[in-house]
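Structural characterization, general
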Amino acid sequence: MMEGVKRKVIQPDQRLIKTYLCKGCNRQVRQKELTIPIGPYKGDKTIANYGCICEDIKLAEKTKRARSRLKRNRLVNCFNYYSLINHSLKQATLENYNPTSEDLRMAKQKALGYIESFNGEQNLLFTGDFGTGKSHLSIYITKKLMEQDYNCLFLSLPKLLTKIKQTYNKSDITEDELLDVIQQVDLLVIDDIGSEQRTEWSVSKFFEILDNRAGKATIYTTNLNSAELKQRVNERNFSRIMENTEVIVMKGEDYRRRNF
Ligand SMILES: Nc1ncnc2c1ncn2[C@@H]1O[C@H](COP(=O)(O)OP(=O)(O)O)[C@@H](O)[C@H]1O
Ligand SMILES: [Mg+2]
Ligand SMILES: [Zn+2]
């Protein structure tokens, strides 16, 4: 019975041409010449490589890339970039930034220079008075770099910490996933350091974030001077912030009160 079934299976004539090691997948490949057994092309010869899994690998890698792109998009979207930025700051450009002091003129120049020479490693610290445009210039930098396809995130430290806390309860993403995005973006702006609620947890979480970003570009903004900042975030966080960082002092009037 089995014999009968076997005989009905039409096998093409095969002739082994060679075996070789595929440089792509590192497998031993048997190259054969097949003679087509039936149909309109009956008798035609064709070459087939058996054992090569290059195509499978390519497909798997493509699927993996697509999946991780999807995931990254989902995570970046969960921050809803623009929803975390207040309305007036959404309009921030370099053209509509009117420096009202020498400090601020310099700061504007530095912001421009930072964009032009962006290398994904240099950090900035904007420090100075309230309402002088520290957030304004930081947002402008992220907008410009995003136009160049860099992934950027602008988050105030209090909002960032709140976001992390939310993942402890009901959330569609985990803390690990969230910290992953924060770690991976090409540029992270940590805005308003010093306005967060200071707890042991916030200080150590802040360190984790800074530590994860070692070697990647980060912009910090704060109303605190360096002594206050050091006290506020603790010595260890302070040294991390200062690593490879250009400090830009922004002393001036609160721009929102300029007409008073
Ligand atoms: N020199 C300036 N020219 C134009 N707009 C400014 C200037 N400085 C601040 N602003 C605007 O004033 C508001 C407060 O600035 P912001 O960047 O939030 O200040 P900071 O972060 O330094 O406290 C924002 O809407 C910003 O766009
Ligand atoms: Mg600000
Ligand atoms: Zn191969």
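Our subject is the structure listed above.
This text gives an overview of the structure that appears in the document. (Residues numbered from 1 in each chain as written. Chains lettered and ligands numbered in written order. Predicted model: local features only at pLDDT ≥ 70, side-chain atom pairs only at ≥ 80, totals over all residues.)

Focus on the overall build of the chain
Of the regular secondary structure elements, the chain holds 10 helices and eight strands. In terms of overall size, the chain is more extended than a compact globule, its C-alpha atoms giving a radius of gyration of 29 Å where 260 residues would be expected to give roughly 18 Å. The C-alpha extent of the chain, read off along each of the three principal axes, is 100 × 40 × 30 Å. In the chain, which comprises 260 residues, the share counted as buried stands at 21%. When contacts within the chain are restricted to residue pairs at least 6 apart in sequence, long-range pairs at least 24 apart make up 72% of them. (Helix = DSSP H or I, 4+ residues; strand = E, 2+ residues; numbered from the N terminus. Rg over C-alpha atoms; globule rule 2.2 N^0.38 Å. Buried ≥ 20, exposed ≤ 12 C-beta atoms within 10 Å, placed from the backbone. Contact = placed C-beta atoms within 7 Å.)

Concerning the pairing of strand β7 (residues 217-222)
Here β7 lies mainly inside the structure; six of its six residues are buried. The alternating pattern of β7 places Ala217, Ile219 and Thr221 on one face and Thr218, Tyr220 and Thr222 on the opposite face, and all of these are buried. Where strand β4 (residues 123-128) and β7 come together, four bridges link them in parallel fashion. Bridging across to β7, Phe126 finds its partner in Thr221. As paired strands, strand β6 (residues 187-193) and β7 are joined by five bridges and run parallel to one another. Opposite Ile190, over in β7, you have Tyr220 as the bridge partner. (Pairing = 2+ DSSP bridges.)

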